[in-house]
Amino acid sequence: MGSLDATSTSLAEDLQDLQLDRPAKGLKSVEELEKLTVDEHLSDIERSVYLLSSGQEVQRISVIHNLPDLLRDTESHDECMRRVVPKVREVLHLAQTEMQVAASSAFLQILQKNLVPVQNYSQTFLQTILNSVDSKDPDVASAWLDTLLDVIDLLPKEVIKKEILGSAIAKGQLAQSVQSRLACCRILGKISTKFEPFVIKKEILPVVQSLCQDVDYEVRGCMCRQLDCVARGMGLEATKSAILPELVELTNDEECHVRIAGLETVVNILSLLDAETCGTTIIPLVCKICQQAVQAEDATLPVVATQLGKLCHGISDNLTDEQRQWFIDFYKKLCHVGLEKNKASSRVTTPLIDKDRGSKESDLTDIFELEDKLVECRKNSAYNFPAMVLFCGAKQFKPELHLTFTHLCKDPHFLVRKTISSGFHEVCKLLGNNANLIQSDLVALLKDESIEVLRGVISTIPAILDCYMSSGSNHTVSESKSGPLSDIIPAFLASENAIFTSHNWRLQEELMRNLSCLSRCYSSESLYNKVIPILRQKLVKARALPVKVAAAHSLLKLTRKVKKREQREEIYHGLIHDFCHARKCYLRNVFIDICRIVIELYSKKFFKETFYEYLLELHTDSVPNIRLSLCSILPDLKRLLILPTDRGLLQQLDACVRKLLVSEKDRDVSDGIQSAVEELDKIHIPMQSMTRRNFFEQDLDDQKKEEEEKLLLDNEEKELKKEEEAAEKKKGDKRNLVSAKKGSENGSSSRIPGPRKGSRAGLSGSNSTTKNSKEVSKTKIVPPGKAPGNKVQVNSNICKPSSGDSNINKKRVSSPKLSRLPLYNSNPNLHHGRPASPSLIPIKASTTSTTNKPSKTTRGSGIPAPGSAGTRRASVPTISTSRRGSLGGQLGTGSYYSLLLLLAWLARQLTFSALFPSFAVVFSFCISAGTHTAKFIKNLVFSDFSYEKLSIYQIMQ
């Protein structure tokens, strides 16, 4: 029980300590209020002087912050310089850190805004800055030193030489404190670029050389970092004679801090040196620094790994092949440093730790520090990998750096893998067409378990896929299943599982947005089957709203790339059903965000046809937040309308707004609809006639979107036609194969009877035609329609072939011989027991229906349909043929011309092979009809005759 009481007491004390910052109870006393009270009738200058003299610390800081504003006022400028500024300088001698920092910032603003002439500034504010740099408080001294360095950039050379140079040289003397000598190093580096080379050699260079030999290593390191600026002010020759010897000595310093500064200065000074100096001095020096860093494994090793990329790039033009190979091999060592040693140390150090308890903690600390340095070295090496690829060249990547890159991608520490994944897109760009070499490494990074590693590669995946698409892989995944993208994209989609198991919603949002880049490398069918289901699922189940919005944006962007209209409509209807008509209110709220994205990505016409009315339905929603969100999108809806086309949509919008104004009871929604109404009144709806002239530039983007949507529909129709034609052609080829086999079995036999023996019927048989006509004129045959006891049936096959005939029509004929024409009996024998005989009876004007009920026709009616009976007209002679089963006994010449016109119209719609049997039947009749008709049919059927060039009038003639 005692232990419990002690624990509870300690917890109470801890809680009491947490409440130390709680404001004190009670009000201010009268004395405190009087101290903070200022007369309201005082002017700004008088009030500032009063507060600086007897005010509180907070009030003084406020006056110093407002000092630039007081000087900006032209009326109070002179009085402020005469009364306020001296008071500020007086107060700063004993001011605390916060007031000193505020004054340093205010003094810099005065010079930056040119509120005071430079001469006045140097006599007042600059002297305060120079005196405050020597403050004993390191924070105050650092703040004023930064202000002085910024002021040097704004002051003229004469003022710097007169006011600052002497003070800086005095601070660099050995008798001064370390803080003063450090400030001198930075000031000399800043002013070296302001003077001529001879001034630097005379005034500054001796002090620089003295500080490079300073007894304190911090001073030597600080001066070493400023040698770059001093060298640029002096020039190449003076640098080679005066600066380089000091730099070489500093890189060999006993202190690691100084050597690091020396290496950084060498990298920064490379652009100033010539090729000879680089070859004789810099390259041997750098090689020595790198070897010492690897051997010592001290703090210089991560710095060498950091600077190696810049170093190799700066000296690449001056390297021999052997030296270039040395730097590449050294970089490989840096990428593998610590990996083998960690395995060995884990075996050796474990039994030794138990010997001495006192050395146990120190040994562990040293091991962890060394391991951290080695990990940092590999991390920095991974950061410099793109620079080394540029140094090595894309052609030498596979033999030199490919294996090293794979090791970095599989490094045991996640920081190394994170760094290499963040620069993966840079490596892809440098490799170009050889980017497929690192395909497996990208897949490994996408399958990594660390969220930090996935963040690096997911954020740059659009650039990576662009590199693969442009490097000889210009095809989608479905078109090339063996291509590099066939492995990368499934791994990219699979990374979604690991990312959504974490709570990093920003990474989830980035993944959802980057999924839209798959439209360039995935086919339409693959997008619909693989990517879009993921987006639709996350759109419903994701927790964070930004993730839902990103998923909706990518979904609607990818849907524009889906080629099939049915699939697109299914997605749109799914959005309406799952969100607009959802039972959960937060899903209905997401629907409003979806509509905003549709307005952004799609055309106005599409939105009005698809989502407009569903969105307006939400004004009757029972949740006030939904109605409030709807109010914010109402002005966007009005901007979509064009009169008079969208008058009905405008009426719906007005009805929605009117209902919300009248019946809304929620205060926030009422305020929201009032704000929406004010904005709606400012929106002018354009007229359709004015749109093309005045609003063309504003709607240019919308017109482009509408054209893309229309092009998508047109392409879909073309593809459907191509598929139908391909299927029909395939079926026709199969039937032709079957007909060819039958033809080879039957020989050249035909079901159409040939000409009688002794007749000279032929293609130009005019004699046989006249002979047959004479024989026919002697015979008199009763028309079949008047046969007793039989009902006349009109055969519809004359005008419309049956399904069985259509299959016959699709057969192709190898050669247009009459003997191979199939038998075609368009009017079978309706009188059982009687042979069908040709008729010479003229056609009557009235036609007979299927019920044998005559119908009256007006005079001058059109040409009777084939197979119909009519009144006798002397002006239209009837020609018949003696062939059995032909059309001669039932049709006249006018009817045949009508049939020819019908077949000619069908010729525009169907192929020649489909119409060949029909033309053959007509030709079999017209053999005896006369020379002109026979020649016409011959040209139409058996020649390369273009019906497109023949008019209806020519056919009738």
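Residues numbered from 1 in each chain as written. Predicted model: local features only at pLDDT ≥ 70, side-chain atom pairs only at ≥ 80, totals over all residues. Heavy atoms only, no water.

**Re the packing of aromatic side chains**
- One pass over the full model with this rule turns up 17 aromatic pairs.
- Residue placement shows Arg324 over the ring face of Phe391; its charged tip is 4.8 Å from the ring centre.
- Directly above the ring of Phe500 sits Lys538, whose terminal nitrogen or CZ lies 4.2 Å from the centroid. (Phe/Tyr/Trp six-rings, centres within 6.5 Å; stacked < 30°, edge-to-face > 60°. Lys NZ or Arg CZ within 6 Å of the ring centre and 35° of its normal.)

**Details of helix H40 (residues 647-663)**
- In this model H40 runs 24 Å from its N-terminal to its C-terminal C-alpha over 17 residues, within 8% of the 24 Å that 1.5 Å per residue would give.
- Along H40, the residues classified as buried are Leu649, Leu650, Leu653, Cys656, Val657 and Leu660. Taken around the axis of H40, the buried residues stretch over an arc of 125°, which confines them to a single face. Opposite its buried face, H40 presents the exposed residues Gln651, Arg658 and Val662, each directed more than 90 degrees away.
- The inward-facing, buried residues of H40 abut helix H37 (604-610), helix H38 (612-616), helix H39 (624-639) and helix H41 (667-682). (Helix = DSSP H or I, 4+ residues; strand = E, 2+ residues; numbered from the N terminus. Expected span 1.5 Å × (residues − 1). Buried < 20%, exposed > 50% of the residue type's maximum accessible area, 1.4 Å probe, protein only. Arc of directions from axis to C-beta. Contact = heavy atoms within 4.5 Å.)

**What about the environment of Lys240?**
- For Lys240, the position within the fold is in helix H16 (residues 236-251).
- For Lys240, a relative accessible area of 28% gives the class partly exposed.
- For the pair Lys240 and Leu273, spaced 33 residues apart in sequence, the C-alpha separation works out to 8.3 Å.
- Apart from the residues within four sequence positions on either side, Lys240 is in contact with Pro245, Asp274 and Thr277.

**Some words on the side chain of Asp441**
- Along the chain, Asp441 falls in helix H28 (residues 439-446).
- The buried charged residue Asp441 lacks any salt bridge, with Lys410 as its nearest oppositely charged partner at 5.6 Å.
- Beyond its immediate stretch of four places on either side in the chain, Asp441 contacts His402, Phe405, Thr406, Cys409 and Phe424. (Lys, Arg positive; Asp, Glu negative; His and termini not counted. Salt bridge = Lys/Arg side-chain N within 4 Å of Asp/Glu carboxyl O.)

**Here's the deal with a negative patch on the surface**
- On the surface, Glu719, Glu723, Glu724, Glu725 and Glu728 cluster together into a patch of negative charge.
- Positionally, Glu723 belongs in helix H43 (residues 700-746).
- The class of Glu723 is exposed, set by a relative accessible area of 51%. (Patch = residues over 30% accessible without salt bridge, like charges linked within 9 Å, V, L, I, M, F, W, Y side chains within 5 Å. Areas by Shrake-Rupley, 256 points an atom, 1.4 Å probe, with all protein chains shown as cover. Charge placed at Lys NZ, Arg CZ, Asp CG, Glu CD.)

**Side note on the UniProt feature "repeat: HEAT" (unreviewed entry) in the chain**
- Summarizing the sequence annotation, UniProt attributes the feature "repeat: HEAT" (unreviewed entry) to residues 204-241 and 243-281 in the numbering used throughout.
- End C-alpha to end C-alpha, residues 204-241 measures 15 Å, and it is 84% helix and 0% strand.
- Within the segment residues 243-281, helix and strand shares are 77% and 0% respectively, and the terminal C-alpha atoms sit 12 Å apart. (UniProt positions renumbered as here; feature names shortened; annotations may be inferred.)

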